[in-house]
Amino acid sequence: MRNNYFCKIAFLFSFLMTLSVVMHAQVSRDVVYLKNGSVIKGTIVEIVPGSTIKIKTSDGSIFIYPMEEVIRTENEESSERPRRRDNERRSEPPAEREPSAYDHTGYFMMFRVGPRVNNLLYNSLDLNAGFINGIQMNEVVSLGVGIETTQYYFSSDQATSIRMTPVFLDARFYVPKRKVRPMFSFQFGYAMGGKTQLSTHQNNNWIDFYPATQKGGIFMAIGAGMRIYANKTFSFLWDGGVSLQSFDGYSDSSLTEVRTRTVPSLRLNLGLGINIGGGGSVKK
């Protein structure tokens, strides 16, 4: 009895899944009407205004027709509407698909600057500035290489510090939302260390770490924010997140006990993106 019950549930589930797939296929199918009376059904791959239209049928075949041979195009879900008279259909210009918010792939540059809190104990607020050069793979993913610079402090008088310059791989993931798109980012790389500045006031000054001069370390950051497209070339960005930077240094002023320390930072970035490859358009 129990097995029979589960069989019925499985059959009902399979039926509903099959029905939903069929209904979706019916709604998403495009239809092209030609002057010679042919009706082509499938998915419109490309429309070149005033030139050609390309459609892919369900069996994988691709057909290309001159726009002058096309009476009209429509979606399958609109096929139940009352048909117009033949002379009205012939005078109707061919429909074109509205372009997506960011159609093209290509190279881009991104300039970023913003405040960074490196150590809450020392109230160390500094600016980090960076540059990213990458490729927009599609509407969802971009990959690039970046570099930035910022100062890290290790004493209460902020006199013990080191400037770090990480070089990193940058991956960004976008949620397509027309002109305004949520964005998530991840960076991973290696930071090059500069010259260390050490505090000369040891009395009544809290120093818990002495970074080694010109020693680098692993860098990693995650963030989230928004990307706002002004047009097909320029976009504005803001994001915030957390970064981790490792250092080689010493635990006391004698500079004898070597250890590695990882410092977290809170960061906020404002940026300008410039697309320098491909073409595209923005929905209003």
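One can find the structure itself at the top, above this paragraph.
In this text the structure is predicted, and so the values were computed from the model without any measurement.

Reading the values: the criteria
Residues numbered from 1 in each chain as written. Predicted model: local features only at pLDDT ≥ 70, side-chain atom pairs only at ≥ 80, totals over all residues. Heavy atoms only, no water. Helix = DSSP H or I, 4+ residues; strand = E, 2+ residues; numbered from the N terminus. Contact = heavy atoms within 4.5 Å. Core = buried A, V, L, I, M, F, W, Y, C linked by side-chain atoms within 4.5 Å. Buried < 20%, exposed > 50% of the residue type's maximum accessible area, 1.4 Å probe, protein only. Pairing = 2+ DSSP bridges.

Asker: When you look at the environment of phenylalanine 236 in this model, what are you seeing that I'm missing?
Answerer: If you trace the backbone, phenylalanine 236 turns up in strand β13 (residues 234-250). With 126 residues separating them in the primary sequence, phenylalanine 236 and methionine 110 have C-alpha atoms 9.3 Å apart. With residues up to four places along the chain from it excluded, the contact list for phenylalanine 236 reads Met226, Arg227, Ile228, Ala230, Gly271 and Leu272.

Asker: Is there a simple way to think about the nonpolar core in this case?
Answerer: Side chains of nonpolar character tend, in soluble globular proteins, to be buried together. Core analysis: the biggest nonpolar cluster contains 10 residues, these being Val32, Leu34, Ile40, Ile44, Ile47, Ile53, Ile55, Tyr65, Met67 and Val70. Counting only elements with at least two residues in this core, the list comes to β1 (30-34), β2 (39-48) and β3 (52-56). Sorting elements by how many residues they give to this core places β2 first, with 3 residues. Phe108, Met110, Ile132 and Tyr174 belong to the second largest nonpolar core, which has 9 residues in total.

Asker: I'm lost on the pairing of strand β9 (residues 161-174) in this one. Help?
Answerer: Looking along a regular strand, one sees side chains alternate from face to face of the sheet. As judged from the 11 bridges shared by strand β8 (residues 141-153) and β9, these two strands associate in the antiparallel manner. By the bridge assignment, glycine 144 is partnered in β9 with aspartate 170. Examined bridge by bridge, β9 and strand β10 (residues 180-197) share 13 bridges and lie antiparallel to one another. Bridge pairing links proline 166 to alanine 191 in β10. Following β9, the chain reverses through 5 residues before pairing antiparallel with β10; arginine 178 in that reversal takes a positive phi of roughly 60°.

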